[in-house]
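Architecture and fold: a report
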Amino acid sequence: MDAFLSLLKVLVLCLAGLIALLAILIVLVNYLPKSPLRDVLGAVTKRMVATAAVAIIAVPVQPILGIDGLYDLVSSVFLLCYWFLLVRDIRKSLSEA
């Protein structure tokens, strides 16, 4: 059990480190002049925030019977479409550059 908890601790610390590095990257790229990297990172950030918002809203919705299944279906379809549109946004920002 101790090995599992230490592995879980390492995973949580690595995840926190990756989130911190991503935040630093977002701030640094935001200061760049108009560039495709800035546009792509902005599009990815918007999708990550939308995914986090869907996950946060899911917590209070889960205990409500009937609505939880509908919410899971609708949010999954929304996120799938939204993440697939990332390719379109990347192509648009690269063609403008």
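Data block above holds the structure.
For the structure given in this document, a descriptive report is provided here. (Residues numbered from 1 in each chain as written. Predicted model: local features only at pLDDT ≥ 70, side-chain atom pairs only at ≥ 80, totals over all residues. Heavy atoms only, no water.)

1. Observations regarding helix H3 (residues 67-96)
With 30 residues, H3 extends 42 Å from end C-alpha to end C-alpha; this agrees with the ideal 44 Å at 1.5 Å per step. Looking only at H3, the buried set comprises Asp68, Tyr71, Ser75, Leu79, Leu86, Asp89 and Ser93. In the core, the buried residues of H3 are packed alongside helix H2 (36-61). (Helix = DSSP H or I, 4+ residues; strand = E, 2+ residues; numbered from the N terminus. Expected span 1.5 Å × (residues − 1). Buried < 20%, exposed > 50% of the residue type's maximum accessible area, 1.4 Å probe, protein only. Contact = heavy atoms within 4.5 Å.)

2. Description of the packing of aromatic side chains
Throughout the structure, instances matching the rule amount to one aromatic pair. In this structure, Arg47 is placed above the aromatic ring of Tyr82, and the distance from its NZ or CZ to the ring centre is 4.4 Å. (Phe/Tyr/Trp six-rings, centres within 6.5 Å; stacked < 30°, edge-to-face > 60°. Lys NZ or Arg CZ within 6 Å of the ring centre and 35° of its normal.)

3. Observations concerning the pattern of salt bridges
Taken as a whole, this structure holds three salt bridges when the rule is applied. For Lys34, the salt bridge goes to Asp39, with nearest N and O atoms at 3.2 Å. Two residues, Asp89 and Arg47, come together in a salt bridge whose shortest N-O distance is 2.8 Å. With Asp89 in helix H3 and Arg47 in helix H2, this pair connects stretches of sequence that are 42 residues apart. Here the salt bridges share partners, and the residues they tie into one network are Arg47, Arg88 and Asp89. (Salt bridge = Lys/Arg side-chain N within 4 Å of Asp/Glu carboxyl O.)

4. Section: the packing of H2 against H3
Axis separation between H2 and H3 bottoms out at 9 Å; the angle between their running directions is 175°. One finds that H2 runs roughly antiparallel with respect to H3. A class-by-class count of the residues in the contact of H2 with H3 yields 20 nonpolar, three polar and five charged. (Axes fitted to C-alpha atoms, helices over the stretch in contact; angles between N-to-C directions. Parallel < 35°, antiparallel > 145°, perpendicular 65-115°, else oblique. Nonpolar A, V, L, I, M, F, W, Y, C, P; charged D, E, K, R; others polar.)

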